[in-house]
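# Close look at the chain arrangement
Okay, here's what each chain looks like letter by letter:
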Amino acid sequence: MIGPPGSGKSKVGRILAAGLGVTVRDTDADIEAAAGKPVSDIFVDDGEPRFRELEHQAVLAALAEHDGVLSLGGGAVMNPATQEALEKYVADGGHVVFLDVPLAVAAQRVGMNQARPLLLGNPRAQWQKLMTQRRPTYERLATLTIVSSERPGEQVAAEIVEALGLELVGGELVDPKNFADPRSFVGPKSKENNA
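Residues numbered from 1 in each chain as written. Predicted model: local features only at pLDDT ≥ 70, side-chain atom pairs only at ≥ 80, totals over all residues. Heavy atoms only, no water.

Here the focus is the nonpolar core. Note that soluble globular proteins tend to have their nonpolar side chains buried in a common cluster. Membership of the largest hydrophobic core comes to 18 residues, with the highest contact counts inside it found for Ile-2, Leu-72, Val-77, Leu-86, Phe-98 and Tyr-138. Looking at this core, the elements that each hand over two or more residues are α4 (48-65), α6 (103-110) and α7 (123-141). Ranked by residue count, the leading element in this core is α7, at four residues. What Leu-86 contacts, discounting residues up to four positions off in sequence, is Leu-63, Leu-72, Val-77, Val-96 and Leu-141. By size, the runner-up hydrophobic cluster in this structure holds 16 residues, among which are Leu-20, Leu-144, Ile-146 and Val-161. (Core = buried A, V, L, I, M, F, W, Y, C linked by side-chain atoms within 4.5 Å. Buried < 20%, exposed > 50% of the residue type's maximum accessible area, 1.4 Å probe, protein only. Helix = DSSP H or I, 4+ residues; strand = E, 2+ residues; numbered from the N terminus. Contact = heavy atoms within 4.5 Å.)

Take a look at the structure:
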(Lines give C-alpha, C1' and ligand atoms only; values in the text may rest on other atoms or scores of the structure.)
Protein backbone atom coordinates (compact mmCIF):
# COMPACT_ATOMS: atom_id res chain seq x y z
CA MET A 1 0.00 0.00 0.00
CA ILE A 2 1.15 3.49 -0.84
CA GLY A 3 -0.22 6.88 0.10
CA PRO A 4 0.35 9.99 2.21
CA PRO A 5 0.53 10.25 5.99
CA GLY A 6 -2.96 9.89 7.42
CA SER A 7 -4.35 7.76 4.60
CA GLY A 8 -4.78 4.77 6.90
CA LYS A 9 -2.08 2.47 5.52
CA SER A 10 -1.15 1.09 8.96
CA LYS A 11 -4.70 0.46 10.16
CA VAL A 12 -6.05 -0.87 6.86
CA GLY A 13 -2.92 -2.99 6.49
CA ARG A 14 -3.49 -4.63 9.89
CA ILE A 15 -7.15 -5.32 9.11
CA LEU A 16 -6.42 -6.63 5.63
CA ALA A 17 -3.60 -8.88 6.81
CA ALA A 18 -5.75 -10.33 9.62
CA GLY A 19 -8.59 -11.04 7.19
CA LEU A 20 -6.32 -12.65 4.63
CA GLY A 21 -4.42 -14.67 7.21
CA VAL A 22 -1.06 -13.11 6.35
CA THR A 23 1.37 -10.81 8.14
CA VAL A 24 1.67 -7.08 7.73
CA ARG A 25 4.96 -5.23 7.32
CA ASP A 26 5.69 -1.49 7.42
CA THR A 27 8.87 -0.14 5.83
CA ASP A 28 9.09 2.73 8.35
CA ALA A 29 9.15 0.17 11.18
CA ASP A 30 11.85 -1.78 9.28
CA ILE A 31 13.93 1.40 8.96
CA GLU A 32 13.58 2.18 12.66
CA ALA A 33 14.61 -1.38 13.58
CA ALA A 34 17.65 -1.24 11.29
CA ALA A 35 18.74 2.21 12.46
CA GLY A 36 17.89 1.65 16.12
CA LYS A 37 16.05 4.97 16.37
CA PRO A 38 12.80 6.66 15.28
CA VAL A 39 12.39 8.07 11.78
CA SER A 40 12.31 11.63 13.17
CA ASP A 41 15.73 11.07 14.81
CA ILE A 42 17.17 9.68 11.57
CA PHE A 43 16.11 12.89 9.80
CA VAL A 44 17.70 15.05 12.53
CA ASP A 45 20.87 13.01 13.16
CA ASP A 46 21.63 11.64 9.71
CA GLY A 47 19.63 13.80 7.29
CA GLU A 48 16.93 13.06 4.76
CA PRO A 49 19.31 11.59 2.12
CA ARG A 50 20.40 8.88 4.59
CA PHE A 51 16.77 8.19 5.51
CA ARG A 52 15.83 7.84 1.83
CA GLU A 53 18.73 5.42 1.31
CA LEU A 54 17.54 3.28 4.24
CA GLU A 55 13.98 3.54 2.98
CA HIS A 56 14.90 2.28 -0.50
CA GLN A 57 16.81 -0.65 1.02
CA ALA A 58 13.83 -1.47 3.25
CA VAL A 59 11.41 -1.45 0.30
CA LEU A 60 13.64 -3.72 -1.80
CA ALA A 61 14.11 -6.14 1.10
CA ALA A 62 10.39 -6.21 1.89
CA LEU A 63 9.39 -6.79 -1.75
CA ALA A 64 11.87 -9.67 -1.95
CA GLU A 65 11.14 -11.29 1.43
CA HIS A 66 7.59 -10.48 2.46
CA ASP A 67 4.55 -12.35 1.21
CA GLY A 68 1.81 -10.45 3.03
CA VAL A 69 0.50 -6.89 3.22
CA LEU A 70 3.21 -4.25 2.86
CA SER A 71 2.84 -0.58 3.78
CA LEU A 72 5.37 1.86 2.31
CA GLY A 73 6.30 5.19 3.85
CA GLY A 74 4.64 8.15 2.15
CA GLY A 75 7.75 9.33 0.28
CA ALA A 76 9.20 5.93 -0.64
CA VAL A 77 7.65 6.04 -4.10
CA MET A 78 9.59 9.16 -5.06
CA ASN A 79 12.84 7.21 -5.52
CA PRO A 80 13.10 6.22 -9.23
CA ALA A 81 14.72 2.90 -8.30
CA THR A 82 11.86 2.16 -5.91
CA GLN A 83 9.40 3.03 -8.67
CA GLU A 84 11.14 0.50 -10.93
CA ALA A 85 10.98 -2.15 -8.20
CA LEU A 86 7.23 -1.54 -7.75
CA GLU A 87 6.66 -1.66 -11.51
CA LYS A 88 8.45 -5.03 -11.62
CA TYR A 89 6.39 -6.22 -8.65
CA VAL A 90 3.19 -5.33 -10.56
CA ALA A 91 4.50 -6.94 -13.76
CA ASP A 92 5.04 -10.13 -11.73
CA GLY A 93 1.39 -10.10 -10.62
CA GLY A 94 1.49 -7.95 -7.48
CA HIS A 95 -0.98 -5.23 -6.55
CA VAL A 96 -0.16 -1.67 -5.47
CA VAL A 97 -3.04 0.01 -3.66
CA PHE A 98 -2.99 3.80 -3.38
CA LEU A 99 -4.92 4.91 -0.30
CA ASP A 100 -5.95 8.46 -1.08
CA VAL A 101 -7.33 10.80 1.57
CA PRO A 102 -8.52 14.43 1.69
CA LEU A 103 -6.37 16.86 3.68
CA ALA A 104 -9.08 17.49 6.30
CA VAL A 105 -9.27 13.78 7.14
CA ALA A 106 -5.48 13.33 7.12
CA ALA A 107 -5.14 16.30 9.47
CA GLN A 108 -7.50 14.65 11.96
CA ARG A 109 -5.70 11.33 11.74
CA VAL A 110 -2.10 12.46 12.02
CA GLY A 111 -2.72 15.44 14.26
CA MET A 112 -0.82 17.92 12.16
CA ASN A 113 0.95 19.24 15.26
CA GLN A 114 2.89 16.00 15.80
CA ALA A 115 6.59 15.81 15.06
CA ARG A 116 6.75 14.67 11.44
CA PRO A 117 10.00 15.67 9.77
CA LEU A 118 8.51 16.74 6.45
CA LEU A 119 5.51 18.54 7.98
CA LEU A 120 7.42 21.11 10.01
CA GLY A 121 6.38 24.75 9.79
CA ASN A 122 2.85 24.89 8.46
CA PRO A 123 1.87 21.18 8.55
CA ARG A 124 -1.27 21.52 6.44
CA ALA A 125 0.50 23.52 3.73
CA GLN A 126 3.46 21.11 3.78
CA TRP A 127 1.14 18.08 3.51
CA GLN A 128 -0.66 19.69 0.56
CA LYS A 129 2.66 20.48 -1.12
CA LEU A 130 3.86 16.88 -0.66
CA MET A 131 0.62 15.54 -2.12
CA THR A 132 0.86 17.84 -5.11
CA GLN A 133 4.35 16.45 -5.76
CA ARG A 134 3.56 12.81 -5.00
CA ARG A 135 0.01 12.33 -6.34
CA PRO A 136 1.03 11.74 -9.99
CA THR A 137 3.49 9.04 -8.87
CA TYR A 138 0.99 7.41 -6.52
CA GLU A 139 -1.60 7.34 -9.31
CA ARG A 140 0.83 6.02 -11.93
CA LEU A 141 2.12 3.18 -9.75
CA ALA A 142 -1.26 2.11 -8.35
CA THR A 143 -3.15 -0.86 -9.71
CA LEU A 144 -6.05 0.19 -7.46
CA THR A 145 -6.92 3.56 -5.91
CA ILE A 146 -9.19 3.70 -2.86
CA VAL A 147 -10.28 6.91 -1.16
CA SER A 148 -10.18 6.11 2.54
CA SER A 149 -11.93 9.34 3.59
CA GLU A 150 -13.70 9.11 6.96
CA ARG A 151 -14.83 5.50 6.53
CA PRO A 152 -13.81 2.88 9.08
CA GLY A 153 -10.70 0.89 8.16
CA GLU A 154 -12.79 -2.27 7.95
CA GLN A 155 -14.86 -0.77 5.11
CA VAL A 156 -11.74 0.33 3.25
CA ALA A 157 -10.20 -3.14 3.65
CA ALA A 158 -13.46 -4.75 2.44
CA GLU A 159 -13.40 -2.55 -0.67
CA ILE A 160 -9.82 -3.65 -1.39
CA VAL A 161 -10.73 -7.33 -0.91
CA GLU A 162 -13.70 -7.01 -3.28
CA ALA A 163 -11.88 -4.95 -5.93
CA LEU A 164 -8.92 -7.34 -6.05
CA GLY A 165 -11.02 -10.49 -5.79
CA LEU A 166 -9.16 -11.66 -2.69
CA GLU A 167 -10.39 -14.48 -0.47
CA LEU A 168 -10.79 -13.96 3.26
CA VAL A 169 -9.71 -16.84 5.46
CA GLY A 170 -11.89 -15.58 8.33
CA GLY A 171 -15.50 -14.60 8.45
CA GLU A 172 -15.04 -10.85 8.77
CA LEU A 173 -12.54 -8.02 8.65
CA VAL A 174 -11.60 -6.72 12.10
CA ASP A 175 -8.74 -4.67 13.50
CA PRO A 176 -6.74 -6.93 15.86
CA LYS A 177 -5.54 -3.79 17.64
CA ASN A 178 -9.06 -3.27 19.00
CA PHE A 179 -8.67 -6.24 21.29
CA ALA A 180 -7.30 -5.12 24.68
CA ASP A 181 -6.06 -8.65 25.33
CA PRO A 182 -4.42 -9.95 22.15
CA ARG A 183 -5.11 -13.50 23.38
CA SER A 184 -8.83 -12.77 22.96
CA PHE A 185 -8.29 -12.19 19.23
CA VAL A 186 -8.51 -15.63 17.73
CA GLY A 187 -7.62 -14.37 14.28
CA PRO A 188 -8.97 -15.68 11.02
CA LYS A 189 -10.29 -19.21 10.89
CA SER A 190 -8.29 -21.66 8.90
CA LYS A 191 -9.61 -22.44 5.44
CA GLU A 192 -10.39 -25.99 6.56
CA ASN A 193 -12.64 -24.69 9.35
CA ASN A 194 -14.29 -22.06 7.16
CA ALA A 195 -16.60 -24.48 5.33
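Here the narrative resumes, following the displayed structure.
Let's shift gears to unusual backbone geometry. Positive phi outside glycine occurs at Ser-149, with the angle close to 45 degrees. Its place among the elements puts Ser-149 in the loop between β4 (144-147) and α8 (153-164). On the accessibility criterion, Ser-149 (26% relative accessible area) is partly exposed.

The full count for this structure, using the stated rule, is two aromatic pairs. Where Phe-43 meets Phe-51, the ring centres are 4.8 Å apart and the plane angle is 35 degrees; that geometry is what we call tilted. Neither Phe-43 nor Phe-51 differs from the other in exposure class; each is buried. (Phe/Tyr/Trp six-rings, centres within 6.5 Å; stacked < 30°, edge-to-face > 60°.)

On to the pairing of β4, then. Alternating residues of β4 divide into Leu-144 and Ile-146, all buried, and Thr-145 and Val-147, none buried. The pairing of strand β3 (residues 97-100) with β4 spans four bridges and is classified as parallel. Considered in β4, the bridge of Asp-100 is made with Val-147. (Pairing = 2+ DSSP bridges.)

The next point concerns the packing of helix α1 (residues 9-20) against α8. Where α1 contacts α8, the two axes come as close as 9 Å, and the packing angle between them is 60 degrees. Taken together, the axes of α1 and α8 lie oblique to each other. When the axes of α1 and α8 are compared, the crossing they make is right-handed. For the pair formed by α1 and α8, the contact residues are Lys-11, Val-12, Ile-15 and Leu-16 on the first element and Gly-153, Glu-154, Val-156, Ala-157, Ile-160 and Val-161 on the second. Of the residues that constitute the contact of α1 with α8, the class distribution is seven nonpolar, one polar and two charged. (Axes fitted to C-alpha atoms, helices over the stretch in contact; angles between N-to-C directions. Parallel < 35°, antiparallel > 145°, perpendicular 65-115°, else oblique. Left-handed = near helix turned anticlockwise from the far one by under 90°. Nonpolar A, V, L, I, M, F, W, Y, C, P; charged D, E, K, R; others polar.)

Turning our attention to the side chain of His-66. By the secondary structure assignment, His-66 is in the loop between α4 and β2 (69-71). Exposure remark for His-66: the relative accessible area of 16% places this residue in the buried category. At 3.3 Å, the side chain of His-66 forms a polar contact with the backbone nitrogen of Gly-68. In this structure, His-66 is in contact with Thr-23, Val-24, Arg-25 and Ala-61, ignoring residues within four places of it in sequence. (Polar contact = N/O pair within 3.5 Å; in protein donor to acceptor, adjacent residues only side chain to side chain.)

Of note, Ile-42 is situated in helix α3 (residues 39-46). Of the residues examined, Ile-42 reaches a relative accessible area of 0% and is grouped as buried. Sequence separation between Ile-42 and Glu-32 is 10 residues; the distance between their C-alpha atoms is 8.4 Å. The residues touching Ile-42, leaving out its near neighbours within four places in the chain, are Ile-31, Ala-35, Lys-37, Gly-47, Phe-51 and Leu-54.

Without other data, these values stay purely geometric and don't point to any function.
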